[in-house]
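Spelled out, the chains give:
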Amino acid sequence: MALVSENIETLFPYVPGKPIEETERELGISGVAKLASNENALGPSPKAVAAVQEGVRSAHLYPDGSCYYLKNRLAEHLDVSPEELVVGNGSNEVIVLLVRTFLQRAGSGAVDHEAIISDGSFIVYRLALQAHGVKTVRVPLGADRRFDLDAMAAAITPATRMIFIANPNNPTGTYVGRAAMEAFLKKVPEEVIVVLDEAYTEYVEKEDYPDGLQLRKLHPRVVVLRTFSKIHGLAALRVGYGVMSAELASYLNRVRDPFNVGALGQLAARAALDDPEHASKSRALNSAELARLEAALPGLGVTVTPSVCNFVLCDFGREGKGVYEALLHEGIIVRPMAGYGFTESARITVGLPGENERLLAALKKVL
Ligand SMILES: *Cc1c(COP(=O)(O)O)cnc(C)c1O
């Protein structure tokens, strides 16, 4: 008898960005720059660091399983009620919780619940759905590597229960504008949960970029996901959250682990919210450096997909894995994208000015 079901047998583990220490150890080099996981080049807010240093003295105590203070602080910050918030071990956990809570695995009910995702989007949706055994409909990307929302709407059936949209999208760096998103939401039946993953929302500087929290007014089951891993620079501490109706949140709270968010993460996240200057500084640095990269890369023979995030999807016109490996030897870690269907690409995170200089010099040499 099979030890695991087919969906687990064929599941591939998530491949994270290569860690700095591992690269240095394997290649016998030092001073490696990691431009692979869309982390904040400036690091965490000093206020968050101080909060963690103080908080670690109480490391013997279990964390607050309800994230009371963090949820209250977030509720004030976002103008929602604490009952509409679910905090997770990164927004990754909230994605998994949504899938586990609301979707039935294929073969377990009268109808097989379906989830709709786009190709060329965050791979965690696919992995979470497959791990849970949910029937998943994949829609190809549209023109300019943007989501084809018409095709996604057309893929809705009476069995559809969840749709994932990253806005802006990782790894393409593209976004859906307000008019297109509103038109799409009008086509989605009320019972379908629409997950708007806004991990990079703080980086976007576009007039027509819609705020998911406002879009919630158009559809009762919009769930907005945000994270402290990106602009807030707290990826190691694993804090993300979902904003959703109190009804949906109450179900996630039944399913989640009792102490799913660590105490240091809760403290750091609260401190990060008290340091908007750090986020502004991070955004300003990113817009200047992203513009510089997008201007310089075409001169090196690299085609870029215009990005509103802190990373850029780069096409080399040759196997991306080879370019990735050559860059490793130059002390720079980027992210090969074959696993996302972009075989000739890598995703490159915007770094500090010096790191971006090094990247451009290394690419010049490698290409
Ligand atoms: C980085 C990222 C996340 C956030 O992950 P965490 O679990 O919060 O660290 C979520 N969605 C997308 C699209 C991302 O790129």
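Being a predicted model, the structure only gives us computed values, none of them experimental.

S.K.: Help me understand the site of the ligand in this model?
M.R.: What surrounds the ligand is the set Gly-90, Ser-91, Asn-92, Phe-122, Asn-170, Asp-197, Ala-199, Tyr-200, Thr-227, Ser-229, Lys-230 and Arg-238. At 3.2 Å from an oxygen atom of the ligand is found a side-chain nitrogen or oxygen belonging to Lys-230. Arg-238 places a side-chain nitrogen or oxygen 2.7 Å from an oxygen atom of the ligand. When the ligand sits alone it has 390 Å² of accessible area, and the protein chains cover 93% of it. Class assignment for the residues of the shell around the ligand results in three nonpolar, six polar and three charged.

S.K.: Please clarify how the pattern of salt bridges should be interpreted in this entry.
M.R.: Opposite charge on two side chains makes pairing possible when the charged atoms of those side chains draw close. With the rule as written, the count across this model stands at 16 salt bridges. Its salt-bridge partner being Glu-39, residue Lys-34 comes within 2.9 Å of it at the nearest N-O pair. Among the residues examined, Glu-39 registers a relative accessible area of 30% and is labelled partly exposed. Of the charged contacts, one joins Glu-357 and Arg-292 as a salt bridge, the two residues approaching to 2.6 Å between their closest N and O atoms. Note that Glu-357 is positioned in helix α14 (residues 353-366) and Arg-292 in helix α12 (residues 276-296), a separation of 65 residues in sequence. Sharing partners across several salt bridges, the network here consists of Lys-18, Glu-22 and Glu-26.

The rules behind these values
Residues numbered from 1 in each chain as written. Predicted model: local features only at pLDDT ≥ 70, side-chain atom pairs only at ≥ 80, totals over all residues. Heavy atoms only, no water. Near = heavy atom within 4 Å. Polar contact = N/O pair within 3.5 Å; in protein donor to acceptor, adjacent residues only side chain to side chain. Areas by Shrake-Rupley, 256 points an atom, 1.4 Å probe, with all protein chains shown as cover. Nonpolar A, V, L, I, M, F, W, Y, C, P; charged D, E, K, R; others polar. Salt bridge = Lys/Arg side-chain N within 4 Å of Asp/Glu carboxyl O. Buried < 20%, exposed > 50% of the residue type's maximum accessible area, 1.4 Å probe, protein only. Helix = DSSP H or I, 4+ residues; strand = E, 2+ residues; numbered from the N terminus.

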